[in-house]
Amino acid sequence: SSAGPIHVRTADGSFSIEGEGFLWLQETSVLFISNRVHTIVLPDLASKEAARGQNQPAPTPPSSPQTATNRVEVFSREFEFQADSGEGVYQGDIRVVGENFNLTSERLLVLLPIQERRLDHVTAQTNVVIDYKLGEEALHATGERAEYAVATGLARLTGNPTWSAQQRE
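This report concerns the structure included in the present document. (Residues numbered from 1 in each chain as written. Predicted model: local features only at pLDDT ≥ 70, side-chain atom pairs only at ≥ 80, totals over all residues. Heavy atoms only, no water.)

1. Comments concerning the overall build of the protein
Stage number 1. Counting its regular elements, the protein contains one helix and 11 strands.
Stage number 2. Considering the protein as a whole, with its 169 residues, one finds that 35% of them fall into the buried category.
Stage number 3. For the protein, long-range pairs separated by at least 24 residues make up 41% of all intrachain contacts whose partners lie at least 6 apart in sequence.
Stage number 4. Total accessible area computed for the protein in this model is approximately 10,200 Å², and 51% of it derives from carbon and sulfur atoms. (Helix = DSSP H or I, 4+ residues; strand = E, 2+ residues; numbered from the N terminus. Buried < 20%, exposed > 50% of the residue type's maximum accessible area, 1.4 Å probe, protein only. Contact = heavy atoms within 4.5 Å. Areas by Shrake-Rupley, 256 points an atom, 1.4 Å probe, with all protein chains shown as cover.)

Structure follows, in structure tokens:
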């Protein structure tokens, strides 16, 4: 444990997480990061093909995660990861930023089974706001819960969901 910084990165560079203040519980394989959490996820880790278990060529390490395109960044106040189950929980002032979307919420759950080395499922909870842009089309959606399954590429918004795109609602 330390009140200082932590930075963890996979060997292939497809995932990194950093923050201030951490606790690693070796017996239970649980990592807590208590402040200013920042995660970078590169596309190979969250691809549909990987989620379906389809063979892919081995990823080539990027020159730097900071220069990779299509990356997704997650910012939060704190984070907890249970390695045995692959469950990660981001809490407080969640902001997820991608090339063509932004998401905010108060809690973000991710399922990232260590053995499978891929992102499986993402659930955002409490005051979820999603802004998505595809070409000239822009979509704004809100709700209390958003679920995204990587294998299907489908998102489901529940809890008083609303959406607007151009002049449609």
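2. Some details on the packing of aromatic side chains
Stage number 1. If you walk through the whole model with that rule in mind, you get two aromatic pairs.
Stage number 2. Taking 4.5 Å as the distance between ring centres and 45° as the angle between the ring planes, the aromatic pair formed by phenylalanine 79 and tyrosine 90 counts as tilted. With a gap of 11 residues between them, phenylalanine 79 in strand β5 (residues 78-82) and tyrosine 90 in strand β6 (residues 87-97) connect regions that are remote in the sequence.
Stage number 3. Through a chain of ring-to-ring contacts, the aromatic side chains of Phe79, Phe81 and Tyr90 assemble into a single cluster.
Stage number 4. A cation sits over an aromatic face here: arginine 95 above phenylalanine 75, 4.3 Å from the ring centre. (Phe/Tyr/Trp six-rings, centres within 6.5 Å; stacked < 30°, edge-to-face > 60°. Lys NZ or Arg CZ within 6 Å of the ring centre and 35° of its normal.)

3. Some thoughts on the nonpolar core
Stage number 1. Among the nonpolar cores identified, the biggest contains 24 residues, and Ile17, Ile33, Phe79, Tyr90 and Leu108 are the most heavily contacted of them.
Stage number 2. Elements supplying a minimum of two residues to this core: β2 (15-25), β3 (30-41), β5, β6, β7 (101-111) and β8 (121-134).
Stage number 3. Apart from residues no more than four positions distant in its own chain, isoleucine 33 is found in contact with Ile6, Ile17, Gly19, Glu20, Gly21, Phe22, Glu78 and Phe79. (Core = buried A, V, L, I, M, F, W, Y, C linked by side-chain atoms within 4.5 Å.)

4. Side note on the environment of isoleucine 6
Stage number 1. When you line up the elements, isoleucine 6 lands in strand β1 (residues 2-9).
Stage number 2. Isoleucine 6 sits in the buried class, given a relative accessible area of 13%.
Stage number 3. In sequence terms isoleucine 6 and phenylalanine 22 are 16 residues apart; their C-alpha atoms lie 6.9 Å from each other.
Stage number 4. What isoleucine 6 contacts, discounting residues up to four positions off in sequence, is Ile17, Glu18, Gly19, Phe22, Leu31 and Ile33.

5. Quick look at the pattern of salt bridges
Stage number 1. Summed over the entire model, instances satisfying the criterion amount to four salt bridges.
Stage number 2. Ionic pairing is found between glutamate 73 and arginine 71, a salt bridge with its closest N-O pair at 3.0 Å. Residues glutamate 73 and arginine 71 agree in their burial class; the two are buried.
Stage number 3. Here glutamate 147 makes a salt bridge to arginine 145, at a shortest N to O gap of 3.1 Å.
Stage number 4. Judged by relative accessible area, arginine 145 falls into the partly exposed class, the value being 31%. (Salt bridge = Lys/Arg side-chain N within 4 Å of Asp/Glu carboxyl O.)

6. Brief notes about unusual backbone geometry
The phi torsion of most residues other than glycine is negative, and most of the peptide bonds are trans.
Stage number 1. Although it is not a glycine, arginine 36 adopts a positive phi angle of roughly 45°.
Stage number 2. By relative accessible area, arginine 36 is classed as exposed at 61%.
Stage number 3. Positive phi, close to 70°, is recorded for threonine 126, a residue that is not glycine.
Stage number 4. Tracing the backbone through its elements, the reader meets threonine 126 in strand β8.

7. Focus: the pairing of β2
Stage number 1. With six bridges joining them, β1 and β2 adopt antiparallel strand pairing. Residue pairing across strands places serine 2 opposite phenylalanine 22, the latter belonging to β2.
Stage number 2. What sits between β1 and β2 in their antiparallel hairpin is a turn of five residues, with glycine 13 showing a positive phi close to 80°.
Stage number 3. Note: β2 against β3, nine bridges, orientation antiparallel. Across the sheet, serine 16 pairs through a bridge with isoleucine 40, a residue of β3.
Stage number 4. Between β2 and the antiparallel strand that follows it, β3, lie four residues; serine 29 among them carries a positive phi value of about 55°. (Pairing = 2+ DSSP bridges.)

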